[in-house]
Every structure is written in C-alpha cells, then in structure tokens.
Amino acid sequence: MTVVDRFLQYVKFDTQSDEATNLTPSTPGQMVFAQHLEKELQSMGLKDISLDENGYLMATLPGNNGKENTPTVGFIAHLDTSPDMSGRHVSPRIVEKYDGSDITLNANKGIILSPSEFPELKNYIGQDLIVTDGNTLLGADDKAGIAEIITAVDYLQKHPEIKHGDIRIAFNPDEEIGLGAHKFDVERFGADWGYTMDGGEIGELEYENFNAAVAKVTFKGRNVHPGYAKHKMLNSIRIAHQFAIMLPRWETPEHTEGYEGFYHLISSEGTVEETTLTYIIRDHDRDRFERRKKELEHLARKINNEFPGCVSLELKDQYYNMREKIEPVMHVIETAEQAMRNVDIVPKVVPIRGGTDGAQLSFKGLPCPNIFAGGLNFHGRFEFVPIPSMEKATEVIVEIARLVGER
C-alpha cells in the first residue's frame, strides 16, 4: 500500500477533536481510528503494540543492525483534526499534474482554490495534488504524517538491507486542542529522541515554537434601567472594549510574522452585567512572553483603579519554546538536516508560529523537533497536500532511521 493509498483511507475517519468534552480522547472517532491503526500495525507484525484507554497507540519496529548501543528514535503524529472545520465525510480528489490555474473545489457553491489567493500553489505546478470537495477540511494535518510513518516502517520491513536500530512510533489524540502530549507516557515510549511528522510544506524542520498562554478577562458590570442609569450603571461590554483597545493594535496575528509575538482576542461574550474576553498570548522569546502577561495584569489593575473590583484576570501557561531543550542535543537537528539533503531536499529551519506536541514532549524529557508532513492551508476547506511532498517525507523517515542505525 502506498502513502497515498493510506492517506486516502485515513481521511475517511471523522476525528475532529473537541475541547468542551473534557475527555481523552475528546471524541470517539479518534479511538475508532486508533483501533483501525492498531489492527494495521498488528497485520504488519510490529512489536510491543499498545493502545491505552486514552487513545495513545505505540509500537516498535525492532532494529536489524546488530548493534546494542544504537539510539532508539521515535516518530509521532496525531490522530485528530482541527475543530475549526468539519472533518466528517471528507471527499478528497486528486488533481493530476496541476497546471497553475484555479482549482474548482465545489462548482455548486462556487468554491475555488486559486493561486491569486494562495500563491504557494505556484510552487507545485506539474505535481499531483490532493484537495477537498470544498465542504470539509482535508485532514493532512496530521493524517499525512500518520500515513508517512506507517509507509516508512513498511518500507524498512521490506528492505532489510537498510540497517537501523529500534524504531518507536506513536499516534496520539487531541493535538489540535493542545492536549496531545498531556497523557503521553514518555517513559513507556522509550525513545532517546523523536520527531513529530506534523509540519507544513516540504523541507520544513522546526525546533522553535511559541511560548503560549491563555488569558480569560472577566468584567463585572451593574445593570440599571437606561432611563435612570446616570452614575449608577456599569456597562461591562463598554469597559471590556476599553480594555481591549489599550493593547497594542499592531501586536496581533494579522500584523506579525517570523519571531514577532502577539495578543490574540479569540472570543468575546457578554451582557451589561458581565463580559468575558479570551486571549491567547504568544512569543518565541521567554522574557517578552513574561512581559506580555505582566502587561495584561497591569491593564487589569488600571481598569480596577477606575472601576474598583470590576476586572478579574485568569492566566494559564499552555506550553513553552522547545528550543532550550533541543539546543543541548543539536545532533537531533543535524541528523534530520542530513537526511533531507540525502534525499535531495533543502532543509528549511524555521520557527513555528504555533505549538506542537513536540514542545510539550521536549519538556517531558523527549527531545522532539517537528518535520514537514507536506500539507498546506491547514484547518479549512482550502487545505491541500502535494503527493510528492508526502513521498519525500516518507523517504526522510527512512533515511533518518538509516543514519541513526550507522552510529
């Protein structure tokens, strides 16, 4: 079975995660998919296969190089798709030898994947692309990663002339809601280091990500009949708006790139009596990240000075930049870079403007940078994945296994 065959099979599973359930996995479809993969790994004859009650699936491809001291390397991908758009009834289509023109995803609804809006399409002229039908996301994030890992393991099994150490693989739930690594048993996984196959376009290699926190800012008001409200009413909606505009207007996602951090207002709910603003806070630099949290605390105090007792602030750290955990073991990055070059890929070492399970895993003791899975435009109907990118990601996994096996 090819990486494409597997991918087209896997996207049929509805594995959209849901942060509201407070369960692990957060949705039953993820466990259904994990059970399907468990059977596939069993049919391949892998060892140490385990699927726990939380949906964490692990397995081993035993080494064949006869060396006792070869490091055990792991490859990880996540089962779930984003809550941002439906992953039910995904109907993928292959666009053969893309010619650079508009791609009609859904003629009835007038949904077009166009290089005028997504210029990165031009980088894939002449390649076969897998696209959606315009009604759902595709699920390359991260079912492409799963397909690549299993296909690479299958290839290594069928080519025993490629010598390697023990290879551990894992597929976990709920990455898209920030919980993928929370119940990941690093000790049971038993790898010396790992790679998440969860990056974007071909060549991406990432070991820097945002430091991340979420802030919930609640404003208490006082409702009085508007005809008699003078000096009595406190409109929590208006006070919340006052707070929001005190934050730097240019430090938002739509105005930042690269290493630039931001405040991102992701929801606003309220009445005159009570309004809640929810922000995510992001910055690659730990000191600036801490200053951003301090700024929210400062603004809350400022509002409370004007309206005593009006504002309460809840701050919760979500994850940290894995760079500090990767830099002491840079051979992990150098191995991935060499593997890419060996299969004719130019490595693109870039910071992640987001998070990854690898960040949390790195802080749990498993250094775990992120390698491309090949997809683009994740989390929406315009998601697509070039087939050659998935094939190259598979080759990179095989080559990493070979390079580590030579040690």
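What you are looking at is a predicted structure, and each value in this text was computed from that prediction instead of being measured. (Residues numbered from 1 in each chain as written. Predicted model: local features only at pLDDT ≥ 70, side-chain atom pairs only at ≥ 80, totals over all residues. Heavy atoms only, no water.)

**A look at the overall build of the chain**
The line we're drawing: Here a helix means four or more residues in a row that DSSP labels H or I, a strand means two or more in a row labelled E, and each is numbered from the N terminus. Each residue's exposure class comes from its accessible area (1.4 Å probe, protein chains only) as a fraction of the maximum for that residue type: buried when under 20%, exposed when over 50%, partly exposed otherwise. Throughout, a contact is declared for two residues whenever any of their heavy atoms are within 4.5 Å. Note that accessible areas follow from Shrake-Rupley with a 1.4 Å probe, and for residues the cover is restricted to the protein chains shown. Under the convention used here, Asp and Glu are negative, Lys and Arg are positive, and both His and the chain ends fall outside the count. The atom standing in for a charge is NZ when the residue is Lys, CZ when it is Arg, CG when it is Asp and CD when it is Glu.
Of the regular secondary structure elements, the chain holds 10 helices and 17 strands. With the C-alpha coordinates aligned to their principal axes, the bounding extent of the chain is approximately 85 × 55 × 40 Å. Looking at the chain as a whole, 53% of its 407 residues qualify as buried. Restricting the contact set of the chain to residue pairs at least 6 apart, pairs at least 24 apart contribute 79%. When the accessible area of the chain is evaluated, it comes to approximately 18,100 Å², of which 49% is carbon and sulfur surface. Across the chain, the centroid of the 43 positively charged side chains sits 5 Å from that of the 63 negatively charged ones.

**Quick look at helix α3 (residues 140–158)**
Our working rule: The length a helix should cover is 1.5 Å for every residue beyond the first.
With 19 residues, α3 extends 25 Å between its outermost C-alpha atoms, agreeing within 8% with the 27 Å of an ideal straight helix rising 1.5 Å per residue. Summarising burial for α3: 16 of the 19 residues are buried, a large majority.

**Quick word on the side chain of Asn 211**
Along the chain, Asn 211 turns up in strand β11 (residues 211–220). Residue class for Asn 211 comes out buried when judged on its relative accessible area of 1%. Beyond its immediate stretch of four places on either side in the chain, Asn 211 contacts Ile 281, Arg 282, Asp 283, His 284, Asp 285, Arg 286, Phe 289, Tyr 319, Tyr 320 and Asn 321.

**A closer look at the sheet that holds strand β4 (residues 93–95)**
Convention followed: At least two DSSP bridges between two strands are needed for those strands to be called paired. In this analysis, axes come from line fits to C-alpha atoms, helices being fitted only over the stretch in contact, and the angle between any two N-to-C directions falls in the range 0 to 180 degrees.
An order of β4-β7-β17 is seen for the three strands of this open sheet, with the pairing classed as antiparallel. For this open sheet the edge positions go to β4 and β17 (384–386), each flanked by a neighbour on one side alone. For this sheet the average axis-to-axis angle between neighbouring strands, irrespective of direction, equals 25°. In terms of strand pairing, β4 meets strand β7 (residues 129–131) through three bridges, oriented antiparallel. Paired with Arg 93 across the strands is Val 131, a residue of β7. Along the sheet face, helix α10 (residues 387–405) touches β4, β7 and β17 and points at about 65° away from the line of β17.

**Thoughts on the sheet that holds strand β12 (residues 262–270)**
Overall, antiparallel pairing links the four strands, which are arranged β12-β13-β11-β14 in an open sheet. Strands at the two margins of the open sheet, each flanked by one partner only, are β12 and β14 (311–319). Going across the sheet, the axis of each strand differs from the next one's by a mean of 15°, ignoring polarity. By the bridge criterion, 10 bridges tie β11 to strand β13 (residues 274–283) in an arrangement that is antiparallel. Within β13, the residue paired with Thr 218 across the bridge is Thr 276. Relative to β13, helix α5 (residues 236–244) is tilted by about 20°, and along the sheet it contacts β11, β12 and β13. Sheet strands in contact with helix α6 (residues 286–306) are β11, β12, β13 and β14, and its direction is about 170° off that of β14.

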